[in-house]
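Structural description and commentary
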Amino acid sequence: MNPADEKMWSILTHVGGIFFGFIPSLIAYLVFRDRGPFVRHHTATALNFQLTMLIASVVSSILILIVIGIFLLVAISIVLIVFSIIAAVTANRGELYTYPLSITFVR
């Protein structure tokens, strides 16, 4: 895969997570993990971040029973959008990015 295609798929993986959760990251990781180190790094980090945010959202949904869950869901949404945009911009520049607050599930 040429570098321009690697950048494009990396960007789409990060931005897709904003709208569709972990599904675009999972599909991109499974399809593109053997096509280049750049796209593999970005799809793996996006998948790790999306899974971390999914776990945080489930816990926050349970905590809605006490009021703090509502505030946590809002904070998770903001963090998801901001960090995904930062990752997409970094991928567009051709640099590697690692999300903060992310648990490593996939290497």
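For clarity, every value in this text was computed on a predicted model and none was experimentally measured.

**A short note on the overall build of the protein chain**
Looking only at helices and strands, one finds 4 helices and 0 strands in the protein chain. Listed by position from the N terminus, the elements making up the protein chain come as α-α-α-α. Relative to the compact-globule value of 13 Å for 107 residues, the protein chain shows a C-alpha radius of gyration of 14 Å, a close match. Of the contacts made within the protein chain by residues no fewer than 6 positions apart, 67% connect residues no fewer than 24 positions apart. Accessible area of the protein chain: about 6200 Å², with a carbon and sulfur share of 74%. Of the charged side chains in the protein chain, 6 are positive and 4 negative, and the gap between their average positions amounts to 6 Å.

**Re the nonpolar core**
By size, the foremost hydrophobic cluster in this structure holds 9 residues: Ala46, Phe49, Met53, Ile76, Leu80, Phe83, Ala87, Tyr97 and Tyr99. In terms of residue count, helix 4 (residues 68-92) provides more of this core than any other element does, 4 residues in total. Residues within four places of alanine 87 in sequence aside, it is in contact with His14, His42, Tyr97 and Tyr99.

**What to know about the packing of helix 1 (residues 3-20) against helix 3 (residues 37-62)**
How two helices sit against one another is set out by the angle between their axes and by the gap between those axes. The contact between helix 1 and helix 3 brings their axes to 9 Å, and the two run at 5 degrees. Between helix 1 and helix 3, the angle falls in the class roughly parallel. Across the interface between the two elements, Glu6, Lys7, Trp9, Ser10, Thr13, His14 and Gly17 from helix 1 touch Pro37, Phe38, Val39, His42, Thr43, Thr45, Ala46 and Gln50 from helix 3. Across the contact of helix 1 with helix 3, the residue classes break down as 5 nonpolar, 8 polar and 2 charged.

**Quick word on helix 2 (residues 23-32)**
Count 3.6 residues to each turn of an α-helix, and residues three or four apart come out pointing the same way. Among the residues of helix 2, Ser25, Ala28, Tyr29 and Phe32 are the ones counted as buried. Along the long axis of helix 2, the arc covered by the buried residues comes to 100 degrees, so they all point the same way.

**Overview of helix 1**
With 18 residues, helix 1 extends 25 Å between its outermost C-alpha atoms, agreeing within 8% with the 26 Å of an ideal straight helix rising 1.5 Å per residue. Among the residues making up helix 1, those that are buried are Glu6, Ser10, Thr13, His14, Gly16 and Gly17. The inward-facing, buried residues of helix 1 contact helix 2, helix 3 and helix 4. Just downstream of helix 1, glycine 21 is the residue with a positive phi angle, here 75 degrees.

**Considerations on the side chain of glutamine 50**
Structurally, glutamine 50 is set in helix 3. Discounting chain neighbours no more than four positions away, the residues touching glutamine 50 are Gly17, Gly21, Phe22, Ser25, Leu80 and Ser84.

Conventions we followed
- Residues numbered from 1 in each chain as written.
- Predicted model: local features only at pLDDT ≥ 70, side-chain atom pairs only at ≥ 80, totals over all residues.
- Heavy atoms only, no water.
- Helix = DSSP H or I, 4+ residues; strand = E, 2+ residues; numbered from the N terminus.
- Rg over C-alpha atoms; globule rule 2.2 N^0.38 Å.
- Contact = heavy atoms within 4.5 Å.
- Areas by Shrake-Rupley, 256 points an atom, 1.4 Å probe, with all protein chains shown as cover.
- Lys, Arg positive; Asp, Glu negative; His and termini not counted.
- Charge placed at Lys NZ, Arg CZ, Asp CG, Glu CD.
- Core = buried A, V, L, I, M, F, W, Y, C linked by side-chain atoms within 4.5 Å.
- Buried < 20%, exposed > 50% of the residue type's maximum accessible area, 1.4 Å probe, protein only.
- Axes fitted to C-alpha atoms, helices over the stretch in contact; angles between N-to-C directions.
- Parallel < 35°, antiparallel > 145°, perpendicular 65-115°, else oblique.
- Nonpolar A, V, L, I, M, F, W, Y, C, P; charged D, E, K, R; others polar.
- Arc of directions from axis to C-beta.
- Expected span 1.5 Å × (residues − 1).

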